[in-house]
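Commentary on secondary and tertiary structure
Residue strings, one per chain:
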Amino acid sequence: MESRVISGVTVRGVVLPPKPAARLNGNCMLPVVRLRDAGNLIWGRQLRPAVLLEASPTTVPISMVAKREGLQPCHAAASSPAEGGDSAGEAKVGFLKKYPALVTGFFFFMWYFLNVIFNIINKKIYNYFPYPYFVSVIHLFVGVIYCLLSWTVGLPKRAPMDSTLLKLLIPVAVCHAIGHVTSNVSFAAVAVSFTHTIKALEPFFNAAASQFILGQQIPFALWLSLAPVVIGVSMASLTELSFNWLGFISAMISNISFTYRSIYSKKAMTDMDSTNLYAYISIIALIVCIPPAVILEGPQLMKYGFNDAIAKVGLTKFITDLFWVGMFYHLYNQLATNTLERVAPLTHAVGNVLKRVFVIGFSIIVFGNKISLQTGIGTSTAIAGVALYSFIKAKMEEEKRQKKSV
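Below: a short report on this structure. (Residues numbered from 1 in each chain as written. Predicted model: local features only at pLDDT ≥ 70, side-chain atom pairs only at ≥ 80, totals over all residues. Heavy atoms only, no water.)

Examining the environment of Ser-254
The cut-off we apply is this: A run of H or I in DSSP becomes a helix once it reaches four residues, and a run of E becomes a strand once it reaches two; helices and strands are each numbered from the N terminus.
If you trace the backbone, Ser-254 turns up in helix α12 (residues 245-267). On a C-alpha basis, the gap between Ser-254 and His-176 in space is 9.0 Å, while along the polypeptide they are 78 residues apart.

A few points about the nonpolar core
The following threshold applies: Buried Ala, Val, Leu, Ile, Met, Phe, Trp, Tyr and Cys residues that are joined via side-chain atoms within 4.5 Å together make up what is termed a nonpolar core. Between buried and exposed lies partly exposed: a residue is buried under 20% and exposed over 50% of the maximum accessible area for its type, with that area taken using a 1.4 Å probe on protein chains only. For this analysis, residues touch if any pair of their heavy atoms sits within 4.5 Å.
In terms of nonpolar packing, the biggest core is built from 43 residues, with Ile-125, Phe-129 and Phe-134 touching the most fellow members. When contributions to this core are tallied by element, the ones reaching two or more residues are α5 (100-128), α6 (132-153), α7 (163-189), α13 (274-313) and α14 (315-340). Here this core takes 11 residues from α5, the largest share from any one element. In this view, Ile-125 contacts Val-135, Asp-321, Leu-322 and Val-325; residues no more than four positions away in its chain are not counted. Grouped together as the second largest cluster of nonpolar side chains are 22 residues, Phe-194, Leu-226, Ala-382 and Ile-383 included.

Structural notes on α13
Put simply, the rule is: Helix span is expected to be 1.5 Å times the residue number reduced by one. To obtain the bend at a residue, axes are fitted to the seven residues ending there and to the seven starting there, and the angle between these axes is taken. What qualifies as a polar contact is a pair of N or O atoms within 3.5 Å, subject to a donor-acceptor requirement within protein and to the restriction that residues adjacent in sequence count only when both atoms come from side chains.
With 40 residues, α13 should cover 58 Å at 1.5 Å per step; its first-to-last C-alpha distance of 37 Å lies more than 12% under that length. Its axis deflected by about 75 degrees at Leu-301, α13 carries its strongest bend there. Two or three places before Thr-275, at the start of α13, stands the capping residue Asp-273, its side-chain oxygen 3.2 Å from that residue's backbone nitrogen. Residue Gly-314 follows α13 closely and has a positive phi angle near 95 degrees.

Quick look at the packing of helix α8 (residues 192-199) against α12
Selection criterion: Here an axis means a line fitted to C-alpha atoms, over the contact stretch when the element is a helix, while the angle between two N-to-C directions is reported on a 0 to 180 degree scale. Each angle gets one of four labels, with under 35 degrees taken as roughly parallel, over 145 as roughly antiparallel, 65 to 115 as roughly perpendicular, and the rest as oblique. The hand of a helix crossing depends on one turn: near helix anticlockwise from the far one by less than a right angle means left-handed, and clockwise means right-handed.
The contact between α8 and α12 brings their axes to 9 Å, and the two run at 40 degrees. Comparing their axes, α12 and α8 come out oblique. Where α8 crosses over α12, the handedness of that crossing is right-handed. Along its contact with α8, which presents Phe-194, Ile-198 and Lys-199, the element α12 presents Phe-248, Ala-251, Met-252, Ser-254, Asn-255 and Phe-258.

Comments concerning α8
Judged by how many residues are buried, α8 sits mostly within the fold: eight of eight residues are covered. Burial in α8 covers these residues: Val-192, Ser-193, Phe-194, Thr-195, His-196, Thr-197, Ile-198 and Lys-199.

Written as structure tokens, this is what we have:
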């Protein structure tokens, strides 16, 4: 059939050019025409305002013009501010990105929830299985298995490890292992609420280590804010019904160990993400914790420890409790790290204080621990002191950051 050519036509005195051949644009066919000093215009779109077009010599076969009606414009290319392209983009924004505050709040809630559940299950295990060294190994063992499985499926992808990084992480992991074991010894010996009250002294040890070991000058206001912490812990200790020296000294050793962990962590700053870093620290800490557990508790466990626990609660519950306490321990620590990465230092400080309040409150309710009025006042004073210290320290860090950015 003979190919005919459509010439330009005149509408109300305005010369319209012939419709050109369709051009391939991505995965769609877009017929376009050339505008004088105005780029390209997509066919089939309303012109707002009217544009005077210059006749073009381009011609097109009539068969191609007949197919124009069947062509679908490419949405990405066709969107424009006049036609709501921006609003369409906003509609595609996910819920998580649109409401970051809700996501952060959910992280905080899960961190507190997992921490409370861990403390409750942990203390219930010690009521029928008082072997904190072995239970500490189980905590880390379950976490390490979780990390290895996560690496296997690539969530996250395992970061490489070399001898230099290993030397930096070993001191951190050793302090983490000692702090973890001594915390569990204290949990087994005294009430959960009392252990957390003693551990409220951790900021005091951090400040002392910063001043006398790292040589950093601690402002007088920061030292002054720690006075209520020391006074409150002393008041609570004097009248705590579950007080014993093993629980008290173990909690104090835990404070010192975690203080040194913080010091070594600063020296071991790397570009590795927190998830991989915590996984490697858990593996090393597990290796450190196994020998004392075998030496100190191994003979008792083989003689009567396991049999007594199974006789009291049954084999299924015993294994289930150990598995879940390990899972909750690892998940709350991992989630705490992920949560604190999302917030400012001041929010971080407030979050840590509220976490301790939640744990102490729920442990008293669940286990029905009786506390004297003096113990309650002392605990409240210590927590208030930690809050004041955290607030002042966070403010100082923020001021330093602002000065550096100027």
